[in-house]
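Secondary and tertiary structure notes
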There are 2 protein chains.
Amino acid sequence: MTGRRDPEGRRRAIIEAACALIPEVGVGGLTHRAVAARAGVPLGATTYYFATLDDLSRAALAHAARSAADGLRAWRQALRAGDDVAATVAALTEEYLADRDRALTETELYLAAVRRPELRPLARAWFDGLVDLLGAYADPGAAEAAAFLIDGALLRALSDQRPLDTAGLATALRAVLRAGA
Amino acid sequence: MTGRRDPEGRRRAIIEAACALIPEVGVGGLTHRAVAARAGVPLGATTYYFATLDDLSRAALAHAARSAADGLRAWRQALRAGDDVAATVAALTEEYLADRDRALTETELYLAAVRRPELRPLARAWFDGLVDLLGAYADPGAAEAAAFLIDGALLRALSDQRPLDTAGLATALRAVLRAGA
DNA sequence: AATGTACTAGTACGAAAGTACAAGTTTGCC
DNA sequence: GGCAAACTTGTACTTTCGTACTAGTACATT
């Protein structure tokens, strides 16, 4: 009755279901039952693969964080190709925001890390990657400031559900990136 | 047996208990029982003053948002007194962050507003007040960018539990505020 | 003083949760 | 084929929750 087995696939399905749920209900709103229902697996499956709910949310957040950080590879390429760093970064930020769920999950991660120290490295991955990336085009302090700017703009766009002012962001990025340490 | 009555005071005590709890457990982690215990009132009192848990968290977040926005009055005065706008704002940001619970609650509010549209005006109060304030020293676009920068830096400091790089923030603020629209 | 309204406080109830578990099934290995 | 380990699945147990409710107490108004 069980059809074909696929433990790896099941584990992934559970993680992906959790990732899909986090933007809807928040990290704290996750439940074994909701994840199981979304993944189309019985309740027992989620507890079999993840001993506790914390394990499950951690795995989901780790998956999301890795996927977000991986997206920075595309940024690197685009920056190499484009000539206007500030405008390119602003456009990439807008593009990043287009996947609202992913951006929201990343923000959920930021806040979850406040109360769960083990999540802190995950919560730093995207930001650190961004600073590292921008470090090729500005001094470290300016790169960090540009990352602050990007995260601040993203947070506002998410919370207000308003589109990003890409041109304005590009102007600000240009100013920050030009500044010396 | 009930001692002296003080409905207003009780209501406030409940709200303040909820505000104290939000940084610890998050908005989603609030429960009638935890709030009642923290406030030192029986369970029935929280449901008497707030019909639902949403009402309670909304009242608490409104209180926190108002208190944060009120804090901007001090910013206005400090800016009038100081001569270096960027350095003053950076110092004020660090000061703001010193009350970690308040800053954290504000961020919780940002995220809560994503799923609860009725909270959106509250979530905008602090940011809008900041932009309005900075508008006296830069054009609107630059003021908004500076607010992004501040919020981004705050979010990072909260999530990473790392101190603010005040000097670096001042440098970035100076660059952004100088930039034209 | 009486009287109705606002408030208090303890309890109760149904729903939903995390987690544990037992019994059965598939799979890889000899 | 036989066997142990991995996996599946449904259910059950306990806790905790939101909310409702009842019986009573204080207070303002008359």
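The structure presented is a predicted model; accordingly, all values stated were derived computationally and were not measured.

What to know about the overall build of chain A
Looking only at helices and strands, chain A has 10 helices and 0 strands in total. Along chain A, helices (α) and strands (β) appear in the sequence α-α-α-α-α-α-α-α-α-α when read from the amino end. Over its C-alpha atoms, taken along the principal directions, chain A stretches across nearly 65 × 30 × 30 Å. In chain A, the share of contacts with a sequence separation of at least 24, taken over all contacts with a separation of at least 6, comes to 63%.

Quick notes on the relation of the copies chain B and chain A
Laying chain B over chain A is done by rotating through 180 degrees and shifting 0.0 Å along the axis; what remains is an RMSD of 0.0 Å. Both copies are brought into coincidence by an operation consistent with a two-fold rotation axis. Most of the interface of chain B is mirrored in chain A, where 100% of its interface residues again form contacts.

Details of the packing of helix α7 (residues 100-115) of chain A against helix α9 (residues 140-160) of chain A
All names here are of chain A. Closest axis-to-axis distance for the α7/α9 pair is 11 Å, and the angle between their directions is 110 degrees. Comparing their axes, α9 and α7 come out roughly perpendicular. Our pair here, α7 against α9, has a crossing hand that is left-handed. Touching Arg-100, Ala-103, Leu-104, Thr-107 and Tyr-110 of α7 are Asp-151, Leu-155 and Leu-158, all from α9. Tallied by class, the residues present in the contact of α7 with α9 amount to 5 nonpolar, 1 polar and 2 charged.

A closer look at the UniProt feature "domain: HTH tetR-type" (unreviewed entry) in chain A
Taking the numbering used here, the UniProt-annotated feature "domain: HTH tetR-type" (unreviewed entry) corresponds to residues 8-68 of chain A. Taken end to end, residues 8-68 of chain A comprises 80% helix and 0% strand; its first and last C-alpha atoms sit 22 Å apart.

As for the nonpolar core
One broad rule of soluble globular proteins: the nonpolar side chains tend to lie buried together. Counting residues in hydrophobic clusters, the biggest one holds 138 residues, and the most contacted among them are A:Trp126 and B:Trp126. The contact partners of B:Trp126, leaving out residues within four places of it in the chain, are B:Ala68, B:Leu72, B:Trp75, B:Tyr96, B:Glu106, B:Tyr110, B:Asp151 and B:Leu154.

Quick word on unusual backbone geometry
All names here are of chain A. Backbone geometry places Gln-161, a non-glycine residue, at a positive phi of 55 degrees. One can find Gln-161 in the loop between α9 and α10 (166-178). The partly exposed category is assigned to Gln-161, whose relative accessible area is 43%.

Topic: the environment of B:Arg174
Residue and element names in this part refer to chain B. Of note, Arg-174 is situated in helix α10 (residues 166-178). The class for Arg-174 is partly exposed, based on a relative accessible area of 32%. Each C-alpha atom of the pair Arg-174 and Ala-87 lies 8.0 Å from the other, and the pair is 87 residues apart in sequence. Apart from residues lying up to four places away in sequence, Arg-174 is in contact with Asp-84, Ala-86 and Ala-87.

Here we look at helix α6 (residues 85-98) of chain A
All names here are of chain A. Between the first and last C-alpha of α6 there are 20 Å, a value that for 14 residues agrees with the 20 Å anticipated at 1.5 Å per step. All buried positions along α6 are accounted for by Val-85, Ala-86, Thr-88, Val-89, Ala-90, Leu-92, Thr-93, Tyr-96 and Leu-97. Those residues of α6 hidden inside the fold are in contact with α5 (72-81), α7, α8 (120-134), α9 and α10. Two or three places before Ala-86, at the opening of α6, Asp-84 has a side-chain oxygen 3.2 Å from that residue's backbone nitrogen.

Calculation rules
- Residues numbered from 1 in each chain as written.
- Chains lettered and ligands numbered in written order.
- Predicted model: local features only at pLDDT ≥ 70, side-chain atom pairs only at ≥ 80, totals over all residues.
- Heavy atoms only, no water.
- Helix = DSSP H or I, 4+ residues; strand = E, 2+ residues; numbered from the N terminus.
- Contact = heavy atoms within 4.5 Å.
- Least-squares fit on C-alpha atoms with pLDDT ≥ 70 in both.
- Axes fitted to C-alpha atoms, helices over the stretch in contact; angles between N-to-C directions.
- Parallel < 35°, antiparallel > 145°, perpendicular 65-115°, else oblique.
- Left-handed = near helix turned anticlockwise from the far one by under 90°.
- Nonpolar A, V, L, I, M, F, W, Y, C, P; charged D, E, K, R; others polar.
- UniProt positions renumbered as here; feature names shortened; annotations may be inferred.
- Core = buried A, V, L, I, M, F, W, Y, C linked by side-chain atoms within 4.5 Å.
- Buried < 20%, exposed > 50% of the residue type's maximum accessible area, 1.4 Å probe, protein only.
- Expected span 1.5 Å × (residues − 1).
- Polar contact = N/O pair within 3.5 Å; in protein donor to acceptor, adjacent residues only side chain to side chain.

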